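Residues per chain are reported as follows:
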Amino acid sequence: MVDLRRFVALTCVVLSAAAALAGCASAPSYRFVDPAQKDMRYDGFLAYGAFADVAIEAAFEQALCDRLFAAGHACTSMLAAAPPTRQQDAASRHAASRASGAQATIVIELADMHTTSRRVIGQGRVAYNVRVIDNAGQQVTAQFAFDTAESARRSVPKQADALARRIVSALQAESLLYQR
């Protein structure tokens, strides 16, 4: 009987720790909001997955737009605003962001896996840098750094959805989303 109680107590401790860690997983590893931009609120977004692979870009942009739609906000993917069938460079994406009607552009970039800090200190884990750019002022409002403990072996749509959830959660936590 004593062993059963110990097992139940140990199970409760493990489950509590897992639940606490799951809650922490939704927060960004680091977040920086420009103090001059603290009062900015956005309702319409342009999602830009700055990846060389168009299929991966599409998955991350669509996942972010899906999560923003679910939270009640407008979102357009960069691939829709600046199709890959046309010239792609910084100027064309800048023009697309200004013409999109979105108030802010969310740029998702993969952290450089070849840096010593990522290989050694970051233990080679996937990480993302995410910037929120105010389209009217063309300045960075916020920057988030998301470090993942997850395996890169998960499917691209699952990785994209997990990051999209974390981005929307961070936007909400920093009060960057316009509340209707």
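Scoring rules and cut-offs
Residues numbered from 1 in each chain as written. Predicted model: local features only at pLDDT ≥ 70, side-chain atom pairs only at ≥ 80, totals over all residues. Heavy atoms only, no water. Buried < 20%, exposed > 50% of the residue type's maximum accessible area, 1.4 Å probe, protein only. Helix = DSSP H or I, 4+ residues; strand = E, 2+ residues; numbered from the N terminus. Pairing = 2+ DSSP bridges. Right-handed = clockwise from strand over helix to strand, strands pointing away. Disulfide = S-S within 2.5 Å. Expected span 1.5 Å × (residues − 1). Contact = heavy atoms within 4.5 Å. Axes fitted to C-alpha atoms, helices over the stretch in contact; angles between N-to-C directions. Parallel < 35°, antiparallel > 145°, perpendicular 65-115°, else oblique. Left-handed = near helix turned anticlockwise from the far one by under 90°. Nonpolar A, V, L, I, M, F, W, Y, C, P; charged D, E, K, R; others polar. Phe/Tyr/Trp six-rings, centres within 6.5 Å; stacked < 30°, edge-to-face > 60°.

Engineer: Even after reading the chapter, I still don't get the pairing of strand β3 (residues 74–77), so can you show me in this structure?
Structural biologist: Within a regular strand, the side chains alternate between the two sheet faces. Side chains of β3 alternate between two faces, with Cys75 and Ser77 buried and Ala74 and Thr76 left unburied. Across four bridges, the pairing between strand β2 (residues 44–49) and β3 is parallel. Among the inter-strand pairings, alanine 47 is bridged to a residue of β3, identified as serine 77. Traced from β2 through helix α2 (residues 54–70) to β3, the parallel crossover comes out right-handed.

Engineer: For this particular structure, what's the right way to read the state of the cysteines?
Structural biologist: Disulfides are covalent bonds that connect the sulfur atoms of two cysteines. Using the criterion set out here, one finds one disulfide in the structure. Across the disulfide, cysteine 65 is cross-linked to cysteine 75 (sulfur-sulfur distance 2.2 Å). Sign of the S-S torsion, about -60° for the bond between cysteine 65 and cysteine 75, identifies this disulfide as left-handed. Of this pair, cysteine 65 sits in helix α2 while cysteine 75 sits in strand β3, placing them 10 residues apart in sequence. There is no split in this pair, since cysteine 65 and cysteine 75 are both buried.

Engineer: Would you take a moment to explain helix α6 (residues 156–173) for this structure?
Structural biologist: In an α-helix there are 3.6 residues to a turn, and that puts residues three or four apart on one side. Look at α6: 26 Å from first C-alpha to last across 18 residues, which is about the 26 Å you get at 1.5 Å a residue. Of the residues making up α6, those classed as buried are Gln159, Ala160, Ala162, Leu163, Ala164, Arg166, Ile167, Val168, Ala170 and Leu171. For α6, the elements touching its buried residues are α2, β4 (104–110), β5 (127–134) and β6 (139–147). Serine 175 sits one or two residues past α6 and shows a positive phi near 55°.

Engineer: How do you make sense of the packing of α2 against α6 when you look at a structure like this?
Structural biologist: If you want to describe how two helices pack, look at the angle between their axes and the distance between the axes. At their nearest, the axes of α2 and α6 sit 8 Å apart, and the two run at 40° to each other. When the axes of α2 and α6 are compared, the pair comes out oblique. When you trace α2 past α6, the crossing you get is right-handed. Residues Ile56, Ala59, Phe60, Ala63, Leu64, Arg67 and Leu68 of α2 touch α6, and the partners they reach there are Val156, Gln159, Ala160, Asp161, Leu163, Ala164, Arg165, Ile167, Val168 and Leu171. A class-by-class count of the residues in the contact of α2 with α6 yields 13 nonpolar, one polar and three charged.

Engineer: What exactly am I supposed to notice about the packing of aromatic side chains here?
Structural biologist: Centre-to-centre distance and the angle between the planes together describe a pair of aromatic rings. Evaluation of the coordinates by the stated rule reveals four aromatic pairs. Taking the centre distance of 5.7 Å and the plane angle of 45° together, the rings of phenylalanine 60 and tyrosine 128 count as tilted. Of the two residues, phenylalanine 60 sits in helix α2 while tyrosine 128 sits in strand β5, which places them 68 residues apart along the sequence. Taken individually, phenylalanine 60 and tyrosine 128 each receive the classification buried, so the pair is uniform in this respect. Pairing phenylalanine 144 with phenylalanine 146 gives two aromatic rings, centres 6.0 Å apart and planes at 50°, and the pair type is tilted.

Engineer: Would you explain the environment of alanine 160 in this entry?
Structural biologist: Within the element layout of this structure, alanine 160 appears in helix α6. Accessibility expressed as a relative area gives 1% for alanine 160, which makes it buried. In this structure alanine 160 touches Ala59, Phe60 and Ala63, once residues within four positions along its chain are discounted.

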